[in-house]
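Here's the letter readout for the chains.
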Amino acid sequence: LGQVYRGCTTRKLVLTGLMVGRLECNFTSGKLTEIFELRVDKNQLKSIPESVGSLQKLISLRFRDNLIVRLPDSIANLTSLQELDMSKNRFPSIPKCVIALTQLGRLRCGQNPIPFTIPSDWIEGKVGKWLVDYVRETTG
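Scoring rules and cut-offs
Residues numbered from 1 in each chain as written. Predicted model: local features only at pLDDT ≥ 70, side-chain atom pairs only at ≥ 80, totals over all residues. Heavy atoms only, no water. Helix = DSSP H or I, 4+ residues; strand = E, 2+ residues; numbered from the N terminus. Buried < 20%, exposed > 50% of the residue type's maximum accessible area, 1.4 Å probe, protein only. Contact = heavy atoms within 4.5 Å. Areas by Shrake-Rupley, 256 points an atom, 1.4 Å probe, with all protein chains shown as cover. Polar contact = N/O pair within 3.5 Å; in protein donor to acceptor, adjacent residues only side chain to side chain. Core = buried A, V, L, I, M, F, W, Y, C linked by side-chain atoms within 4.5 Å. Salt bridge = Lys/Arg side-chain N within 4 Å of Asp/Glu carboxyl O. Phe/Tyr/Trp six-rings, centres within 6.5 Å; stacked < 30°, edge-to-face > 60°. Pairing = 2+ DSSP bridges. Axes fitted to C-alpha atoms, helices over the stretch in contact; angles between N-to-C directions.

**Q** How should I be thinking about the overall build of the protein in this particular structure?
**A** Assigned secondary structure in the protein consists of two helices and five strands. Helices and strands appear in the protein in the N-to-C order α-β-β-β-β-β-α. When the 140 residues of the protein are sorted by exposure, 40% land in the buried category. Look at the contacts in the protein between residues 6 or more apart in sequence, and 34% of them connect residues 24 or more apart. As displayed, the protein offers around 7,600 Å² of accessible surface, 50% of which is attributable to carbon and sulfur atoms.

Written out as structure tokens, the structure reads:
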């Protein structure tokens, strides 16, 4: 992937519907660190690489419609992230690392086996406070 991206000037990387099964990429090198939007929807991914956490300029991360059950802890390093779409995966709960995303304004997590009802005002605006309350209530 690094070789494909080399020389490009775009800051948006869209790899959707490729059904690759794995995302083998080191996001810590070269121009990949400049990405502000990453979309890897519909790829039968079972995980997100730990190196995604090095994308300090990332504003939007979408990996909907995959087979993911957990996020790497490095996601907490994405302090500029404003949108996270983790819908249509296999998450049993909201990952704790999401709480650290202080700029997050939109979190999409529908169609996961998460055993609770999402408040209607949660999708926009109040994500941070709601997440902290949710984690306190569910993990003690």
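Next comes the rest of the write-up.
**Q** Sorry if this is basic, but what is going on with the side chain of Asn89 here?
**A** Turning to its location among the elements, Asn89 is positioned in the loop between strand 4 (83-85) and strand 5 (106-108). At a separation of 3.3 Å, a polar atom in the side chain of Asn89 contacts the main-chain amide nitrogen of Asn66. Asn89 has contacts with Phe63, Arg64, Asp65, Asn66, Leu67, Ile68, Gln111, Asn112 and Pro113, leaving out every residue within four places of it along the chain.

**Q** Can you walk me through the nonpolar core in this structure?
**A** Where a protein is soluble and globular, its nonpolar side chains tend to be buried together. Phe27, Leu38, Val52, Leu61, Phe63, Leu78 and Leu84 are the most contacted members of the largest nonpolar core, which has 32 residues in total. The contact partners of Leu61, leaving out residues within four places of it in the chain, are Leu38, Val52, Ile75, Leu78, Leu81, Glu83, Leu84 and Asp85.

**Q** Please explain the pattern of salt bridges as it appears in this structure.
**A** Oppositely charged side chains can form a pair if their charged atoms are brought close together. Scanning the model with the defined rule gives eight salt bridges in all. Its salt-bridge partner being Asp85, residue Arg64 comes within 3.1 Å of it at the nearest N-O pair. Here the residue Arg64 occupies a position in the loop between strand 3 (60-62) and strand 4, and Asp85 occupies one in strand 4, the gap between them amounting to 21 residues. By relative accessible area, Arg64 is classed as partly exposed at 23%. Glu83 serves as the salt-bridge partner of Arg108, at 3.3 Å between the closest nitrogen and oxygen. Here Arg108, found in strand 5, pairs with Glu83, found in strand 4; they are 25 residues apart in sequence, far enough to count as distant. The exposure class of Arg108 is partly exposed, given its relative accessible area of 30%. Of the residues examined, Glu83 reaches a relative accessible area of 19% and is grouped as buried. Taken together, the salt bridges that share partners define one network made up of Arg64, Glu83, Asp85 and Arg108.

**Q** Just checking my understanding: could you explain the packing of aromatic side chains for this structure?
**A** Two aromatic rings, taken as a pair, are described by how far apart their centres are and by the angle between their planes. For the coordinates displayed, the defined rule picks out one aromatic pair. On the numbers, 6.3 Å between centres and 55° between planes, the contact of Phe63 with Phe91 is tilted. Note that Phe63 is positioned in the loop between strand 3 and strand 4 and Phe91 in the loop between strand 4 and strand 5, a separation of 28 residues in sequence.

**Q** What should I look at first to understand the sheet that holds strand 4 in this one?
**A** Sheet strands pair via backbone hydrogen bonds, and the direction of the pair is either parallel or antiparallel. Pairing is parallel across the open sheet formed by five strands, whose spatial order is 1-2-3-4-5. Each having just a single partner strand, strand 1 (12-14) and strand 5 make up the two edges of the open sheet. On average, adjacent strands in this sheet sit at an angle of 0° to one another, irrespective of strand direction. Note that strand 3 and strand 4 share three bridges and pair parallel. Each bridged residue has a counterpart across the sheet, and for Arg62 the counterpart in strand 4 is Asp85.

**Q** Explain the side chain of Asn112 to me, please; I cannot follow it from the model alone.
**A** Among the structural elements, Asn112 can be located in the loop between strand 5 and helix 2 (127-139). In terms of polar contacts, Asn112 uses its side chain to reach the backbone carbonyl oxygen of Cys109, at 3.0 Å. For Asn112, the residues in contact, after removing those within four places along its chain, are Met86, Ser87, Lys88, Asn89, Arg90 and Phe91.

Everything listed here is a matter of coordinates, which is why it stays silent on function.
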